[in-house]
Amino acid sequence: MSKKPVRVAVTGAAGQIGYALLFRIASGEMLGKDQPVILQLLEIPDEKAQKALKGVMMELDDCAFPLLAGMEAHSDPMTAFKDTDYALLVGSRPRGPGMERAELLAVNGAIFTAQGKALDKVASRNVKVLVVGNPANTNAYIAMKSAPSLPRENFTAMLRLDHNRALSQVAAKAKVAVADIEKLTVWGNHSPTMYADYRFATVGGKAVKDLINDQAWNADVFLPTVGKRGAAIIEARGLSSAASAANAAIDHMRDWALGTNGKWVTMGVPSNGDYGIPKDVMFGFPVTTANGKYEIVKGLEIDAFSQDRINKTLKELQDEQAGVAHLV
Ligand SMILES: NC(=O)C1=CN([C@@H]2O[C@H](COP(=O)(O)OP(=O)(O)OC[C@H]3O[C@@H](n4cnc5c(N)ncnc54)[C@H](O)[C@@H]3O)[C@@H](O)[C@H]2O)C=CC1
Ligand SMILES: O=C([O-])CC(=O)C(=O)O
């Protein structure tokens, strides 16, 4: 018997990430090749944006995706999020050259108060929320705080692009295949302060840090390359990452929904006090997932170098949180 369709809300659906994301959700890459979906698409109530959204929906129609069981255009989060099982909050302003993501809080923060409130009122009580819009961790924190009747663990922020970037850099340096690397993670904020950590990573049982054996490369090349990759893409493309961001969103939601079979991935999730990160801080952690739930990997040793990096990214997140106290 075929499965009952699930509802997937996507905001910013006519934007560049939306264009790289919707077709993959509708083709089953996110929730499985046997899972029909209904897309509930939100754009701003602006004639041009709504017209562009209609165009994207015409193209989705033209793909004749067997799993696309329905599709709706919305301009109000209260209707877009009705009964939704998944919500990908992408819609918000991207940064331009020379900006830091935190500078977007002033323009984007309020979007997540309104959308958190709407999710609180109308979404499925089991909704899985992924915030992509920048600054993603603090926007996810705002949405979570604006939705007090939903479980806090339903709100997550996207660190998966940093995770995937780190995987590619490590694979190239260690001359191994991306697919063979396990137990890599990224701690903290989706910003240049993030701490990509391959101390626990293995390839076929061998320690990646022994294969690389180059702490200067870690501190002076790897971490700045991963941390500043978003800016490098903006510099090269004139626009921020879109296809790789959409790909990371698919990876994040797929793994959350379908499980990782014990493998580590990185998700930005509200802390429960783990690793000394205060409760509710939306922080990148290593997690495993099963049965639609994630669990933070516990008991990892944090050495002095790592603690220093974790403290820096935590401080930045706490400063961002203090800056949005009026919104939550
Ligand atoms: N967390 C991550 O790893 C990454 C996050 N991003 C962020 O994702 C966001 C979207 O990026 P792009 O798609 O490239 O931008 P874009 O400008 O191409 O598209 C954004 C879309 O969101 C819509 N929008 C704005 N406010 C909205 C609201 N309140 N409700 C619904 N829709 C709304 C706009 O009309 C526009 O169509 C940006 O904030 C960007 O910085 C981008 C790459 C990676
Ligand atoms: O850098 C940006 O503004 C877009 C983004 O978050 C990324 O590519 O990591």
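Bear in mind the structure is a predicted one, so any value in this text is a computation, not a measurement. (Residues numbered from 1 in each chain as written. Chains lettered and ligands numbered in written order. Predicted model: local features only at pLDDT ≥ 70, side-chain atom pairs only at ≥ 80, totals over all residues. Heavy atoms only, no water.)

What follows concerns the packing of helix 1 (residues 16–26) against helix 2 (residues 47–63). Interaxial distance between helix 1 and helix 2 falls to 11 Å at its minimum, and their mutual angle equals 30 degrees. One way to sum up the angle between helix 1 and helix 2 is to call them roughly parallel. Here helix 1 and helix 2 pass one another in a crossing that is right-handed. Here helix 1 contributes Tyr-19, Leu-22, Phe-23 and Ala-26 to the contact with helix 2, which in turn contributes Val-56, Glu-59, Leu-60 and Cys-63. (Axes fitted to C-alpha atoms, helices over the stretch in contact; angles between N-to-C directions. Helix = DSSP H or I, 4+ residues; strand = E, 2+ residues; numbered from the N terminus. Parallel < 35°, antiparallel > 145°, perpendicular 65-115°, else oblique. Left-handed = near helix turned anticlockwise from the far one by under 90°. Contact = heavy atoms within 4.5 Å.)

All right, on to the site of ligand 1 then. Taken together, 25 residues lie around ligand 1, and Gln-16, Glu-43, Ser-92, Val-132 and Asn-134 are the ones closest in. Between ligand 1 and Gln-16, the relevant distance is 2.8 Å, taken from an oxygen atom to a side-chain nitrogen or oxygen of the residue. A distance of 3.1 Å is found between an oxygen atom of ligand 1 and a side-chain nitrogen or oxygen belonging to His-190. Across the shell around ligand 1, the residue classes tally to 12 nonpolar, 11 polar and 2 charged. For the shell around ligand 1, the two domains that each supply at least three residues are domain 1 (6–157) and domain 2 (159–324). (Near = heavy atom within 4 Å. Polar contact = N/O pair within 3.5 Å; in protein donor to acceptor, adjacent residues only side chain to side chain. Nonpolar A, V, L, I, M, F, W, Y, C, P; charged D, E, K, R; others polar. Domains from an automatic or database assignment.)

Alternating positions in strand 14 (residues 293–296) separate cleanly, Tyr-294 and Ile-296 being buried on one face and Lys-293 and Glu-295 remaining unburied on the opposite face. Sheet analysis places strand 13 (residues 282–290) next to strand 14, joined by 4 bridges and oriented antiparallel. If you follow Thr-289 over to strand 14, its bridge partner there is Tyr-294. Here strand 13 folds back onto strand 14 in antiparallel fashion, the turn holding 2 residues, of which Asn-291 has a positive phi close to 50 degrees. (Buried < 20%, exposed > 50% of the residue type's maximum accessible area, 1.4 Å probe, protein only. Pairing = 2+ DSSP bridges.)

Next up on the list: the site of ligand 2. What surrounds ligand 2 is the set Arg-95, Arg-101, Asn-134, Leu-161, Arg-165, His-190, Gly-230, Ile-234, Ser-240 and Ser-241. Between ligand 2 and Ser-241, the relevant distance is 2.6 Å, taken from an oxygen atom to a side-chain nitrogen or oxygen of the residue. Burial of ligand 2 by the protein chains amounts to 94% of its free accessible area of 260 Å². Elements supplying a minimum of two residues to the shell around ligand 2: helix 6 (160–174) and helix 9 (229–237). Residues from two domains meet in the shell around ligand 2; each of domain 1 (6–157) and domain 2 (159–324) gives at least three. (Areas by Shrake-Rupley, 256 points an atom, 1.4 Å probe, with all protein chains shown as cover.)

With that settled, the discussion passes to the pattern of salt bridges. Close approach of charged atoms allows side chains of opposite charge to pair. With the rule as written, the count across this model stands at 16 salt bridges. For Lys-3, the salt bridge identified is with Asp-34, shortest N-O distance 3.4 Å. You can see Lys-3 sitting in the segment before strand 1 (6–11) and its partner Asp-34 sitting in the loop between helix 1 and strand 2 (37–42), a full 31 residues away along the chain. Among the residues examined, Asp-34 registers a relative accessible area of 45% and is labelled partly exposed. Across the pair Lys-145 and Asp-280 runs a salt bridge whose closest N-O atoms are separated by 2.6 Å. (Salt bridge = Lys/Arg side-chain N within 4 Å of Asp/Glu carboxyl O.)

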